[in-house]
Amino acid sequence: MNLSAQDHQTFFTCDTDFLRPSDTVMQKAWRERNPPARIKAAYQALELNNNCATAYVLLAEEEATTIVDAERLFKQALKAGETIYRQSQQCQHQSPQHEAQLRRDTNVLVYIKRRLAMCARKLGRIREAVKVMRDLMKEFPPLTVLNIHENLLESLLELQAYADVQAVLAKYDDISLPKSAAICYTAALLKTRTVSDKFSPETASKRGLSTAEINAVEAIHRAVEFNPHVPKYLLEMKSLILPPEHILKRGDSEAIAYAFSHLQHWKRIEGALNLLQCTWEGTFRMIPHPLEKGHLFYPYPSCTETADRELLPPFHHVSVYPKKELPLFIHFTAGFCSSTAVIAVLTHQLPEIMGIVKAVLGFWHPQLWASSGFEENTQDSKSEDPGLSSD
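Residues numbered from 1 in each chain as written. Predicted model: local features only at pLDDT ≥ 70, side-chain atom pairs only at ≥ 80, totals over all residues. Heavy atoms only, no water.

- In the annotation of an unreviewed UniProt entry, the entry for the protein chain reads Suppressor of tumorigenicity 7 protein-like, and the organism field reads Callithrix jacchus.
- The UniProt entry for the protein chain carries this comment under Sequence similarities (unreviewed entry): "Belongs to the ST7 family."
- A UniProt comment under Subcellular location (unreviewed entry) is attached to the protein chain, and it reads "Membrane". (UniProt positions renumbered as here; feature names shortened; annotations may be inferred.)

What follows is the structure in structure tokens.
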């Protein structure tokens, strides 16, 4: 609720809210932590102004119980939002305050259209959703913070429009733009699609990997380096839960959100999950110290586990970055060297006490051997074996 309140205040409020009584009420509503009080405040704002778009947004997200109800409220919000947006455009050059008001009204309008696109996607009207998202990306290209391109990628994958998916990736999978699990794993899926149906680990080990297979494996390694938690959910080695409202990039929360929406697309492509299963763990051999030095990305942030525990429900076992297990002989060698060093230091610092310990051990040493009958057995063996007699 705290993160949602911060987002809402960032997108839906500005310094000129006091000029509109309904916006003043909504500013208090976004800060309210009690859901019934928030809904009540939204209705109060609509009584003051029937064209308060943000009030409809709050009701659609927090009062509506079905996607159909939410879509109906978002359509009312869109009608109100477009009216306010046109009014703000006419006044934007009057003062800096009016410019801030236009930015806020633009955020509201884009947010509403994106939500309507997602409603259409959930209700099966995928082509309609794709059109709305494309129009938004053309009309408001700076607003990448809403990640509309990631929603577009998922919708295009549902349509199996792989050429269009590649076109979107060519624009957003750029070194200068922020990455996400959706971008990295979708790029890996497209390269996997070209070879997965004929891939066989036994055949590949005999003849080696082809160029296309090498590209697919490298794409998988890149995706796993960005977010190492995703494969376990895609391969169903770990159970999925409903994704949280907020996610952390490269964290377990992002992995859950990605797998929840994209698992069906990996299953649809024959052999894709098989290739992923055979190759994803090889990423950790390429990065021996992932928390200190990365390969294609920055080192994996160690703070993700703490943040994910706050975002995810208590019953969920949070996934952490896989740690390399050291071989047994390294543990044994380290223990042996440490104990030898301790004995050496004690002998040097406390020679008298160590002398007593040595004398005690020397006294008990022959006694233990005698009690075990070792000396008698040795003498008997000497008398029986002429090769053991002294010259």
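Next, the rest of the story.
## Let's talk about the overall build of the protein chain
Stage number 1. Within the protein chain, the secondary structure is distributed over 20 helices and zero strands.
Stage number 2. Within the span of the protein chain, comprising 391 residues, buried residues form 42% of the whole.
Stage number 3. Expressed as a percentage of contacts within the protein chain between residues at least 6 apart in sequence, the contacts between residues at least 24 apart total 64%.
Stage number 4. Surface accessibility of the protein chain: about 23000 Å² in total, with carbon and sulfur atoms responsible for 57%. (Helix = DSSP H or I, 4+ residues; strand = E, 2+ residues; numbered from the N terminus. Buried < 20%, exposed > 50% of the residue type's maximum accessible area, 1.4 Å probe, protein only. Contact = heavy atoms within 4.5 Å. Areas by Shrake-Rupley, 256 points an atom, 1.4 Å probe, with all protein chains shown as cover.)

## Some details on the nonpolar core
Stage number 1. By size, the foremost hydrophobic cluster in this structure holds 97 residues, and its most contacted members are Met-26, Ile-112, Tyr-185, Leu-234 and Trp-266.
Stage number 2. Ranked by residue count, the leading element in this core is helix H6 (residues 96–122), at 11 residues.
Stage number 3. Excluding residues that lie within four positions of it along the chain, Leu-234 makes contacts with Tyr-185, Tyr-258, Ala-259, Leu-263, Trp-266, Leu-273 and Leu-276. (Core = buried A, V, L, I, M, F, W, Y, C linked by side-chain atoms within 4.5 Å.)

## Considering helix H15 (residues 272–279)
Stage number 1. Restricting attention to buried positions, one finds in H15 the residues Ala-272, Leu-273, Leu-275, Leu-276 and Thr-279. In a view along the axis of H15, the buried residues occupy a sector of 160°, so they form one face of it.
Stage number 2. On its buried side, H15 packs onto helix H10 (181–193), helix H12 (211–226), helix H13 (230–234), helix H14 (252–268) and helix H16 (283–286). (Arc of directions from axis to C-beta.)

## Things to note about the packing of aromatic side chains
Stage number 1. Summed over the entire model, instances satisfying the criterion amount to two aromatic pairs.
Stage number 2. With 5.4 Å between their ring centres and 40° between their planes, Tyr-185 and Tyr-258 make a pair best called tilted. Taken together, the residues Tyr-185 in helix H10 and Tyr-258 in helix H14 connect sequence positions 73 residues apart.
Stage number 3. The aromatic ring of Phe-226 is capped on one face by Arg-250, whose charged end is 5.4 Å from the ring centroid. (Phe/Tyr/Trp six-rings, centres within 6.5 Å; stacked < 30°, edge-to-face > 60°. Lys NZ or Arg CZ within 6 Å of the ring centre and 35° of its normal.)

## A few points about empty space enclosed by the protein
One way to see where empty space is left: roll a probe the size of a water molecule over the atoms.
Stage number 1. Taken as a whole and assessed by the stated rule, the structure comprises three cavities of 30 Å³ or more.
Stage number 2. If you add up the space inside the largest cavity, you get close to 70 Å³.
Stage number 3. Lining the largest cavity are Arg-20, Asp-23, Cys-52, Ala-53, Thr-54, Gly-81, Ile-84, Arg-104, Asp-105 and Val-108.
Stage number 4. Residue classes in the lining of the largest cavity are distributed as four nonpolar, two polar and four charged. (1 Å grid on protein atoms, 1.4 Å probe; cavity = no way out; pocket = protein on both sides within 12 Å on 5 of 7 lines; lining within 4 Å. Points joined across faces, edges and corners; volume = space filled by probe spheres on them. Nonpolar A, V, L, I, M, F, W, Y, C, P; charged D, E, K, R; others polar.)

## Considerations on a nonpolar patch on the surface
Stage number 1. Where nonpolar side chains cluster on the molecular surface, the patch consists of Ile-67, Val-68 and Leu-123 and spans about 230 Å² of accessible area.
Stage number 2. Its location among the elements puts Leu-123 in the loop between H6 and helix H7 (126–139). (Patch = residues over 30% accessible without salt bridge, like charges linked within 9 Å, V, L, I, M, F, W, Y side chains within 5 Å. Salt bridge = Lys/Arg side-chain N within 4 Å of Asp/Glu carboxyl O.)

## Let's talk about the packing of helix H2 (residues 21–31) against helix H4 (residues 53–62)
Stage number 1. Interhelical geometry of H2 versus H4 gives an angle of 30° and a closest axis separation of 10 Å. With respect to each other, H2 and H4 are oriented roughly parallel. H4 is crossed by H2, and the crossing has left-handed handedness. The segment H2 lies against H4, with Met-26, Ala-29 and Trp-30 engaging Thr-54, Ala-55 and Leu-58.
Stage number 2. Tallied by class, the residues present in the contact of H2 with H4 amount to five nonpolar, one polar and no charged. (Axes fitted to C-alpha atoms, helices over the stretch in contact; angles between N-to-C directions. Parallel < 35°, antiparallel > 145°, perpendicular 65-115°, else oblique. Left-handed = near helix turned anticlockwise from the far one by under 90°.)

## Remarks on the side chain of His-221
Stage number 1. Within the secondary structure, His-221 is located in helix H12.
Stage number 2. Excluding its chain neighbours within four sequence positions, the residues that come into contact with His-221 are Thr-279, Gly-282, Thr-283 and Met-286.

## Description of the confidence of the model for the protein chain
Stage number 1. Here the protein chain averages 81 in pLDDT, and 81% of its residues register 70 or above.
Stage number 2. Across residues 374–391, confidence stays below pLDDT 50; counting only partners more than four residues off in sequence or on other chains, it has four contacts. (pLDDT = per-residue confidence, 0-100.)

## A closer look at unusual backbone geometry
Stage number 1. One non-glycine residue, Gln-160, lies in positive phi territory at about 60°.
Stage number 2. With a phi angle near 55°, Glu-236 is a residue other than glycine that sits in the positive phi range.
Stage number 3. With respect to the element layout, Glu-236 can be found in the loop between H13 and H14.
Stage number 4. Judged by its relative accessible area of 51%, Glu-236 is exposed.

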